[in-house]
Amino acid sequence: IVGYLYYMDLKKPVSPSIDAIPLNACLIIEANNIHKFWNNIYTTNSVWKEFTITSTFKKLNNQLLFLDSLVSKQGNLESVLNKSPLYISMHPVINDEFDFLFI
């Protein structure tokens, strides 16, 4: 019985990670290569620089800087992150504040 249940558990389809994002997301960003995505958006995108004037996107910018520094220092982390897309979603928390979810 245990073997059968274990086998049936293996046969269950794996849900895509985007399904884990709550429905109240105001913004969803998908990045297939986080290091390349960050380099493109941080160095060449003038719209991103305008967004980071706001406290919400400044917070996201700092979190992405931290993630990028981790990826740069830990080479094996980049290979793990590049196996599937990284989703960043923005969610309302209190009044005019937002927080971000990284999946």
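Up top is the structure.
The residue numbers shown here count from 1 along each chain, following its written sequence. Since the coordinates come from a predicted model, pLDDT governs what is reported: local features require at least 70, and pairs of side-chain atoms require 80 or more to be given and counted, while whole-chain, interface and lining totals use all residues. Hydrogens and water are ignored here; the side-chain numbers use all heavy atoms of the structure.

### With respect to the overall build of the protein chain
Tallying secondary structure elements over the protein chain gives five helices and three strands in all. Taking 2.2 N^0.38 as the reference for a compact globule, 103 residues should give roughly 13 Å; the C-alpha atoms of the protein chain span a radius of gyration of 17 Å, well beyond that estimate. Seen through its C-alpha atoms, the protein chain measures out along the principal axes to roughly 60 × 35 × 15 Å. Within the span of the protein chain, comprising 103 residues, buried residues form 22% of the whole. Any two residues whose heavy atoms approach within 4.5 Å at even a single point are treated as in contact. In the protein chain, 60% of the contacts between residues at least 6 apart in sequence involve partners at least 24 apart. In the protein chain, which carries 8 positive and 9 negative side-chain charges, the distance between the mean positions of the two groups comes to 8 Å. Under the DSSP-based scheme used, a helix requires at least four consecutive residues in state H or I and a strand at least two consecutive residues in state E, with every element numbered from the N terminus. Throughout, radius of gyration means the C-alpha value; the globule benchmark is 2.2 Å times the number of residues raised to the power 0.38. When a residue's accessible area, from a 1.4 Å probe over protein chains only, is under 20% of the maximum for its type it is buried; when over 50% it is exposed; and in between it is partly exposed. By the counting rule applied here, Lys and Arg register as positive and Asp and Glu as negative, while His and the ends of each chain are not counted. Every charge is mapped to an atom, namely NZ of Lys, CZ of Arg, CG of Asp or CD of Glu.

### Thoughts on the sheet that holds strand β3 (residues 98-102)
Pairing between two strands is assigned when DSSP locates at least 2 bridges connecting them. What the three strands build is an open sheet, ordered β1-β2-β3; its pairing is antiparallel. Looking at strand neighbours, the two that pair on one side only are β1 (27-31) and β3, the edges of this open sheet. On average, adjacent strands in this sheet sit at an angle of 20° to one another, irrespective of strand direction. Axis definition: a line fit to C-alpha positions, over the contact stretch in the case of helices; interaxial angles, taken between N-to-C directions, run 0 to 180 degrees. Contacts from helix α4 (residues 55-73) reach β1, β2 (86-92) and β3 within the one sheet, and its direction differs from that of β3 by about 25°.

### Looking at the packing of aromatic side chains
Side-chain rings of Phe, Tyr and Trp, where Trp is taken by its six-membered ring, are said to pair if the distance between their centres is within 6.5 Å; with planes under 30 degrees apart they count as stacked, over 60 as edge-to-face, and otherwise as tilted. Applying the stated criterion across every chain yields a total of four aromatic pairs. Taken together, a centroid distance of 4.8 Å and an interplanar angle of 25° make the contact between Trp 38 and Tyr 42 stacked. Pair noted here: Trp 38 and Tyr 42 are both in helix α2 (residues 34-44), with a separation of four residues, about one helical turn. Residue Trp 38 is classed as buried on the basis of its relative accessible area, which comes to 2%. Aromatic pair Trp 38 and Trp 48: ring centres 6.5 Å apart, planes at 90°, arrangement edge-to-face. Of this pair, Trp 38 sits in helix α2 while Trp 48 is found in helix α3 (residues 46-51), placing the two residues 10 residues apart along the sequence. With respect to burial, Trp 38 and Trp 48 carry one shared label: buried. Members of the aromatic cluster, connected to one another through ring pairs, are Trp 38, Tyr 42, Trp 48, Phe 51 and Phe 57.

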